[in-house]
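What the coordinates show
Here is what each chain is made of, one letter per residue.
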Amino acid sequence: MAVERHWLDVPYANKDEAKKGGARWDGTAKRWYAPRPGIPELQRWAAVPDVPDLLPGEDRTLGNGLFVDLVPSTCWFTNVRSCVDKKDWERLRRMITRRAGQRCEACGSAEDRDAKRWLEAHERWAFDDTTRVQTLKRLICLCTDCHTVTHFGYAQVRGIEAQAFAHLIKVTRMTESQAREHVRAAFALWQHRSTTAWELDLGILTDAGITLAPPPEAKDRASVAEATLRSEDGKPAVPQQSGSDSVIRRMLRRR
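Residues numbered from 1 in each chain as written. Predicted model: local features only at pLDDT ≥ 70, side-chain atom pairs only at ≥ 80, totals over all residues. Heavy atoms only, no water.

**Some points on the packing of aromatic side chains**
According to the stated counting rule, one finds 4 aromatic pairs in the structure shown. Plain terms: the ring middles of F127 and W198 are 5.0 Å apart, the flat faces sit at 75° to each other, and that makes the pair edge-to-face. Of the two residues, F127 sits in strand β4 (residues 119-128) while W198 sits in the loop between α7 (176-193) and β6 (199-201), which places them 71 residues apart along the sequence. Pair check on accessibility: F127 and W198 agree, each one buried. Stacked on the ring of F165, the Lys or Arg R180 has its end atom at 4.5 Å from the ring centre. (Phe/Tyr/Trp six-rings, centres within 6.5 Å; stacked < 30°, edge-to-face > 60°. Helix = DSSP H or I, 4+ residues; strand = E, 2+ residues; numbered from the N terminus. Buried < 20%, exposed > 50% of the residue type's maximum accessible area, 1.4 Å probe, protein only. Lys NZ or Arg CZ within 6 Å of the ring centre and 35° of its normal.)

**Examining the pattern of salt bridges**
Taken as a whole and assessed by the stated rule, the structure comprises 19 salt bridges. A salt bridge links R91 to D88; the nearest nitrogen and oxygen atoms lie 2.9 Å apart. With R91 and D88 both in helix α3 (residues 86-99), this residue pair falls 3 residues apart, about one helical turn. For the pair shown, R91 and D88 are each scored as buried. The residue E105 makes a salt bridge to R138 at a minimum N-O spacing of 3.3 Å. Within this pair, whereas E105 is found in the loop between α3 and β4, its partner R138 is found in strand β5 (residues 133-143), the two being separated by 33 residues in sequence. Salt bridges linked by common partners bring D9, R31, D50, D53, E90, R93, R94 and R98 together as one network. (Salt bridge = Lys/Arg side-chain N within 4 Å of Asp/Glu carboxyl O.)

**As for the pairing of strand β3 (residues 31-34)**
Covered by surrounding structure in β3 are R31 and Y33 together with W32 and A34, the residues of both alternating faces. Where strand β1 (residues 6-7) and β3 come together, 2 bridges link them in antiparallel fashion. By the bridge assignment, W7 is partnered in β3 with Y33. Note: strand β2 (residues 24-26) against β3, 3 bridges, orientation antiparallel. Paired with R24 across the bridge in β3 is Y33. Hairpin connection between β2 and β3: a loop of 4 residues separates the two successive antiparallel strands, and K30 in this loop has a positive phi of roughly 55°. (Pairing = 2+ DSSP bridges.)

**Observations regarding the sheet that holds β4**
Strands sit in the order β4-β5-β6 across an open sheet of 3 strands; the sheet is mixed. Each edge of the open sheet carries a strand with a single partner, namely β4 and β6. On average, adjacent strands in this sheet sit at an angle of 45° to one another, irrespective of strand direction. In this sheet, β6 lies alongside β5 in parallel orientation, the contact comprising 3 bridges. Note that in β6 the partner of V133 across the bridge is E199. Its contacts with the sheet put α3 on β4 and β5, and the angle it makes with β5 is roughly 60°. (Axes fitted to C-alpha atoms, helices over the stretch in contact; angles between N-to-C directions. Contact = heavy atoms within 4.5 Å.)

**Comments concerning the pairing of β5**
Counting buried positions over the 11 residues of β5 gives 8, a clear majority of the element. Bridge analysis of β4 against β5 gives 10 bridges, and the strand direction is antiparallel. Among the inter-strand pairings, R124 is bridged to a residue of β5, identified as R138.

Worth remembering: the numbers are spatial, not functional.
As structure tokens, this is what we get:
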């Protein structure tokens, strides 16, 4: 007899708690569910309607393929996941992977646990130098390898630049010299954009009924970045006022 499935929206951080409360995992749907209705411990994760496949105002043609897409240092660690309520992030993540057919939209790869390759959400932004506003225009499904390429500077800081560079060449079929010029140009654009404290426009999310969690203020984002990177290096995660300059120097040393 088939088990009833009453779908849940369980944030990753709550998965153990949900499992303890009676939730079960559907590996095919990649989603938690309650085996029967009315389990009190699971009520707070009761599913709400799915996010529409096309977000209001989303441009699904923006930024096709694989390319280095560096986030200005003034915007580090303020990605969509950090700006969205945890429960709504689960709904959004599910929509992004579902509409991509559970495949990376850059290289076509599927998730592979053994290879530690996951499907992840990446943002495509439009930057307006006049208004100093970065507008979220598209969400795209990328595998871990392609996502690492897009954040090439972060790959450098983590010491996996060679792997990212090799994947860029493999997917795009650029020559080595073309790939190096591509990375150089991406860093030049990054340096230019990193001089601006951008304001975020997440209208395509709010217009779809997504609940936002307040992101760090623009003036505080460099300190958030520095604290995160220091933590990953095994150093005390103490934000520094000069975080932006410090992190930028670290990235440039690795070029």
